[in-house]
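Each chain, written out:
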Amino acid sequence: MGRHTRALRSVGEHEAVEPGDGSDDLAKALYQEFGGSLMAFALRLTGHDRQWAEDVVQETLIKAWRNADKLDRQPEMLRAWLFTVARRTVIDGWRSRSVRPQELEEIESDAIAVSDESDRTLAAMIVYEALQGLSPEQREAIQQTYLRDRTVNEVAATLGVPPGTVKSRIHHAVRALRRALRERG
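Since the model is a prediction, treat every value here as computed from it, not as a measurement. (Residues numbered from 1 in each chain as written. Predicted model: local features only at pLDDT ≥ 70, side-chain atom pairs only at ≥ 80, totals over all residues. Heavy atoms only, no water.)

Asker: What is the right way to read the pattern of salt bridges from this model?
Answerer: Opposite charge on two side chains makes pairing possible when the charged atoms of those side chains draw close. With the rule as written, the count across this model stands at 2 salt bridges. In this structure, the salt-bridge partner of E54 is R50, at a minimum N-O distance of 3.5 Å. You can see E54 and its partner R50 sitting in helix α3 (residues 50-66), 4 residues apart, about one turn around the helix. Residue E59 pairs with K63 through a salt bridge whose shortest N-O separation is 3.5 Å. Of the two residues, E59 and K63 are both situated in helix α3; the distance of 4 residues between them amounts to about one turn of the helix. Taking the relative accessible area as the measure of exposure, K63 reaches 29% and is therefore partly exposed. (Salt bridge = Lys/Arg side-chain N within 4 Å of Asp/Glu carboxyl O. Helix = DSSP H or I, 4+ residues; strand = E, 2+ residues; numbered from the N terminus. Buried < 20%, exposed > 50% of the residue type's maximum accessible area, 1.4 Å probe, protein only.)

Here it is in structure tokens:
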């Protein structure tokens, strides 16, 4: 007599067991006999998600309890039935997880950041004011290189000055802009 048969013999001899009339003994016996191997199986199927695996084992045993009168009490058949139910439960779980959007915590409406252009507008105004503090030559060199994305040689050709002069104007303009922006915060 195998170890499965010995544990289930007393429970397996019930005829047409209905939930509530001794099938609690069946659930206990099933858990004692197959709980460990069923849990290991569920862990592998769930990617080692322990909580989900525990839920799978519990749901499998509940289904066994509900179907106590229909179960084949031969240990090999019982084991096969339990593992099949567990596998199908995990498959259903994967399917529902792939269809259902991931749940997120509810956020209070006061904590939701609303896209607001006021910071960007304020920053633009500060930069504009800082640019007005530059000499016209420095401002032109900054606008040509940074805003119009031209090279120093292209700006020099456009303005009719040597490239070194453009570099010098940019250098001094950037330093003046940094000072002005630091003062404005």
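Asker: Looking at this structure, I do not really get the packing of aromatic side chains. What am I missing?
Answerer: How two aromatic rings sit relative to each other is given by the distance of their centres and the angle of their planes. The full count for this structure, using the stated rule, is 2 aromatic pairs. When the ring of W52 is compared with that of W94, the centres are 4.9 Å apart and the planes differ by 70 degrees; the resulting orientation is edge-to-face. Placement of W52 in helix α3 and of W94 in helix α4 (residues 75-99) is noted, with a sequence separation of 42 residues between them. Overall, the relative accessible area of 9% leaves W52 in the buried class. (Phe/Tyr/Trp six-rings, centres within 6.5 Å; stacked < 30°, edge-to-face > 60°.)

Asker: Even after reading the chapter, I still don't get the layout of surface pockets, so can you show me in this structure?
Answerer: With a probe scaled to a water molecule rolled over the atoms, the places where space remains empty come into view. Computed from the structure, the largest pocket encloses a volume of approximately 200 Å³. Lining the largest pocket are D49, Q51, W52, D55, V56, E59, T89, D92, G93, S96 and R97. Those elements giving two or more residues to the lining of the largest pocket turn out to be α3 and α4. Partitioning the lining of the largest pocket into residue classes produces 2 nonpolar, 4 polar and 5 charged. (1 Å grid on protein atoms, 1.4 Å probe; cavity = no way out; pocket = protein on both sides within 12 Å on 5 of 7 lines; lining within 4 Å. Points joined across faces, edges and corners; volume = space filled by probe spheres on them. Nonpolar A, V, L, I, M, F, W, Y, C, P; charged D, E, K, R; others polar.)

Asker: Is there a simple way to think about the nonpolar core in this case?
Answerer: One recurring pattern in soluble globular proteins: nonpolar side chains tend to sit buried together. Grouped together as the largest cluster of nonpolar side chains are 21 residues, with contacts concentrated most on L30, L38, V56, V57 and L82. Elements that contribute at least two residues to this core include exactly α2 (23-45), α3 and α4. Looking at this core element by element, the count peaks at 8 residues for α2. If near-sequence neighbours (up to four positions away) are discounted, V56 is found in contact with A42, T46, A86, T89 and V90. (Core = buried A, V, L, I, M, F, W, Y, C linked by side-chain atoms within 4.5 Å. Contact = heavy atoms within 4.5 Å.)

Asker: Help me understand the confidence of the model for the protein chain, please; the structure alone is not making it clear to me.
Answerer: Do not read the predicted coordinates in detail wherever pLDDT is low. Per-residue confidence for the protein chain gives a mean pLDDT of 81; residues scoring 70 or more make up 77%. This model gives residues 1-21 a pLDDT under 50, and the stretch forms 30 contacts once residues within four places in sequence are excluded. (pLDDT = per-residue confidence, 0-100.)

Asker: I keep staring at unusual backbone geometry and nothing clicks. Help me out?
Answerer: Negative phi values dominate among residues other than glycine, just as trans dominates among peptide bonds. One non-glycine residue, H48, lies in the positive phi region at around 65 degrees. Structurally, H48 can be placed in the loop between α2 and α3. A relative accessible area of 61% means that H48 is categorised as exposed. The backbone phi angle of D149 is positive, close to 55 degrees, even though this residue is not glycine. Locating D149 in the fold gives a position in the loop between α6 (136-147) and α7 (152-159). Residue D149 is classed as exposed on the basis of its relative accessible area, which comes to 67%.

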